[in-house]
Amino acid sequence: MSDSVAPSSTSGKAARRMPRLESVVARSHPGVGQLTCTGVTKNFGGVTALKDVSVTVPSSSVTGLIGPNGAGKTTLFNCMTGFLPPDVGDVVFEGRRVSHMAPYRVARLGMIRTFQSIRMFEGLTVYESVRTARYNVHSGGTLHRLRRSGPRRRLTDQEAITGILAWLGLEAVRDWKCTELPLLTQRKVELARAIACEPLLLLLDEPSAGATPAERDELAAVVQELPGLGVTVLLIEHNVPFVASLCQSVIALNFGEVIAQGPTADVLSSAIVQEVYLGS
């Protein structure tokens, strides 16, 4: 297919006509995606990337994590998801301490992330790439599978993946190699892969980077549906209007420290955030 032009993914309006995610992915994690960081500090040599960070991500909502470049946002994501151990402090997810847990174990508990730099599998199609994420649903032993099984019939992987691709408007490119797709379509594939893991908490690292206003609106429509489906969302974002329209709460970082957190309107209008982040 490399000699052809990749078709555009389905528009946001069309995607909204597809079945809701709850009808195509039988999510059944126990819990609500509760995440708390207490006194998290991370140093790199003589540089303090995070200093005494204490935050709580409200469950069943969308929370924005904002701050200028170098504020420590991605480092905090890494500490939350096991990619970096904090030097001091604790990360607790669904009542379990995950501060020094391996990333794959954190993922099995239901905390799933995307990355600022898109990571596609070389040589895999869109369908195949999303299918790899289903391993997270089936792995972990008998107890893990029992915890994830619910009263409804479990959909087959094919049913779940097909439904997710339809919901995100990716049907037209399902057989395309991921690396042949435009950047923003790859971001949608990454989101589909994350959703296929059946997350309780979904961490998105700059999901709207490089998007047009129309594409941001389409992304916002998808993300807004997730809390209603039992998925708590925490997203890193530089686009303040996008944050203001999408997030119920915001955490603001500067030089590795929390300078404000709370309801979105209160944080964005606070004097310190206006001065440090918005430049006014």
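In this text, all values refer to a predicted model and were calculated from it rather than measured experimentally.

(A) Summary view of the overall build of the protein chain. For the protein chain, the count of helices and strands is 12 helices and 10 strands. Out of the 280 residues belonging to the protein chain, those deemed buried represent 53%. Within the protein chain, residue pairs in contact and separated by at least 24 positions form 72% of the contacts whose partners lie at least 6 positions apart. Only carbon and sulfur atoms are counted for the fraction: they give 54% of the accessible area of the protein chain, which is about 12300 Å².

(B) Region of the structure containing the pairing of strand E9 (residues 249-254). Within E9, six of the six residues are buried, which leaves the element mostly enclosed by the surrounding structure. Where strand E3 (residues 62-66) lies against E9, four bridges are found, and the strand directions are parallel. What sits directly across from Leu65, in E9, is Ile251. As paired strands, E9 and strand E10 (residues 257-263) are joined by six bridges and run antiparallel to one another.

(C) Up close: the layout of surface pockets. Reported here for the largest pocket is a volume of approximately 590 Å³. Listing elements by their share of the lining of the largest pocket, those giving two or more residues are helix H3 (103-108), strand E6 (111-113), helix H4 (126-133), helix H5 (135-138) and helix H8 (183-196). Here the element with the most residues in the lining of the largest pocket is H3; it accounts for five residues. Within the lining of the largest pocket, the residues separate by chemical class into 13 nonpolar, five polar and five charged.

(D) Molecular detail of the sheet that holds E6. In spatial order, the strands read E6-E7-E8-E3-E9-E10; together these six strands make up an open sheet with mixed pairing. Edge strands, defined here as strands with exactly one partner in the open sheet, are E6 and E10. Averaged over all neighbouring strand pairs, the angle between strand axes comes to 15 degrees, with direction disregarded.

(E) Looking closely at H8. The end-to-end C-alpha distance of H8, which contains 14 residues, comes to 20 Å, matching closely the 20 Å that a straight helix rising 1.5 Å per residue would cover. Within H8 the residues assigned to the buried category are Thr185, Gln186, Arg187, Lys188, Val189, Glu190, Leu191, Ala192, Arg193, Ala194, Ile195 and Ala196.

(F) Quick peek at unusual backbone geometry. Not every positive phi belongs to a glycine, and Asp52 is a case in point at roughly 55 degrees. Mapped onto the secondary structure, Asp52 falls in strand E2 (residues 47-57).

(G) Just the pattern of salt bridges, in detail. Counting across every chain of the model gives eight salt bridges. Across the pair Asp157 and Arg134 runs a salt bridge, and its minimum N-O distance is 3.1 Å. In this pair, Asp157 sits in helix H7 (residues 157-167) while Arg134 sits in the loop between H4 and H5, placing the two residues 23 residues apart along the sequence. The two residues Asp157 and Arg134 agree in class, both being buried. A single network of salt bridges, built from pairs that share partners, joins Arg134, Asp157 and Glu198.

(H) Structural view of the packing of H7 against H8. Running from N to C, H7 and H8 point in directions that differ by 140 degrees, and their axes come no closer than 10 Å. Regarding the angle of H7 to H8, the classification is oblique. Both H7 and H8 take part in a crossing whose hand is right-handed. Contacts between H7 and H8 pair Ile164, Leu165 and Trp167 from the former with Ala192, Ile195 and Ala196 from the latter. Its residues assigned to classes, the contact of H7 with H8 shows six nonpolar, no polar and no charged.

(I) Geometry of the sheet that holds strand E5 (residues 96-97). Taking strand neighbours across the sheet as the criterion, the four strands line up as E2-E1-E4-E5 in an open arrangement whose pairing is antiparallel. Across the chains shown, the open sheet's two edge strands, defined by having one partner strand only, are E2 and E5. Docked against the sheet, helix H2 (residues 73-81) engages strand E1 (35-44), E2 and strand E4 (88-93), running at close to 115 degrees with respect to E1.

(J) Region of the structure containing the packing of aromatic side chains. If you walk through the whole model with that rule in mind, you get one aromatic pair. Centroid distance Phe83 to Phe115: 5.5 Å. Interplanar angle 90 degrees. Geometry classified as edge-to-face. In this pair, Phe83 is assigned in the loop between H2 and E4 and Phe115 in the loop between E6 and H4, connecting sequence segments 32 residues apart. Lying across the ring of Phe83, Arg113 places its NZ or CZ 5.2 Å from the centre.

(K) Up close: the confidence of the model for the protein chain. Mean pLDDT over the protein chain: 83, with 80% of residues reaching 70 or higher. Confidence over residues 1-5 falls short of pLDDT 50; this stretch has six contacts with residues more than four positions distant or in other chains. Low confidence marks residues 10-20, where pLDDT is under 50. Its contacts with residues over four positions away, or in another chain, come to 23 contacts.

Scoring rules and cut-offs
- Each chain carries its own residue numbering, running from 1 in the direction its sequence is written.
- Local features in a predicted model are, by the rule used here, given only for residues with pLDDT of at least 70; side-chain atom pairs are given and counted only at 80 or more, and totals for whole chains, interfaces and linings are based on all residues.
- Only hydrogens and water are set aside; all other atoms, that is, all heavy atoms of the structure, feed into the side-chain values.
- Each helix is a run of DSSP H or I of at least 4 residues and each strand a run of E of at least 2, with the numbering of both proceeding from the N terminus.
- Note on exposure labels: buried denotes an accessible area under 20% of the residue type's maximum, exposed denotes more than 50%, and partly exposed covers the range between, all computed with a 1.4 Å probe on protein chains only.
- Contact criterion: two residues are considered in contact whenever any of their non-hydrogen atoms come within 4.5 Å of each other.
- Only the protein chains shown count as cover for residues, with accessible areas throughout obtained via the Shrake-Rupley method and a probe of 1.4 Å.
- By definition, two strands form a pair when at least two bridges between them are found by DSSP.
- In this analysis the probe radius is 1.4 Å and the grid spacing 1 Å, with only protein atoms considered; a cavity is a set of points the probe fits into but cannot get out of, a pocket is an open set with protein on both sides within 12 Å along at least five of seven lines, and lining residues have an atom within 4 Å of a point.
- Grid points are joined across faces, edges and corners, and a volume is the space filled by probe spheres set on the points.
- Note on residue classes: Ala, Val, Leu, Ile, Met, Phe, Trp, Tyr, Cys and Pro are nonpolar, Asp, Glu, Lys and Arg are charged, and everything else, Gly too, is polar.
- Note on geometry: axes are C-alpha line fits, over the in-contact stretch for helices, and angles between N-to-C directions span 0 to 180 degrees.
- The span expected for a helix works out to 1.5 Å for each residue beyond the first.
- Basic side-chain nitrogens of Lys or Arg form a salt bridge, by our definition, when they fall within 4 Å of a carboxyl oxygen of Asp or Glu.
- Here the angle decides the label: under 35 degrees means roughly parallel, over 145 means roughly antiparallel, 65 to 115 means roughly perpendicular, and every other value means oblique.
- Left-handed describes a crossing in which the near helix is turned anticlockwise from the far one by less than a right angle; the clockwise case is right-handed.
- Any two of the Phe, Tyr and Trp rings considered here, Trp counted by its six-membered ring, make a pair once their centres fall within 6.5 Å; the pair's planes then place it as stacked at under 30 degrees, edge-to-face at over 60, or tilted in between.
- Note on geometry: a ring has a charge over it if NZ (lysine) or CZ (arginine) is within 6 Å of the ring centre and within 35 degrees of the ring normal.
- The quantity known as pLDDT measures the predictor's confidence residue by residue, on a range of 0 to 100.

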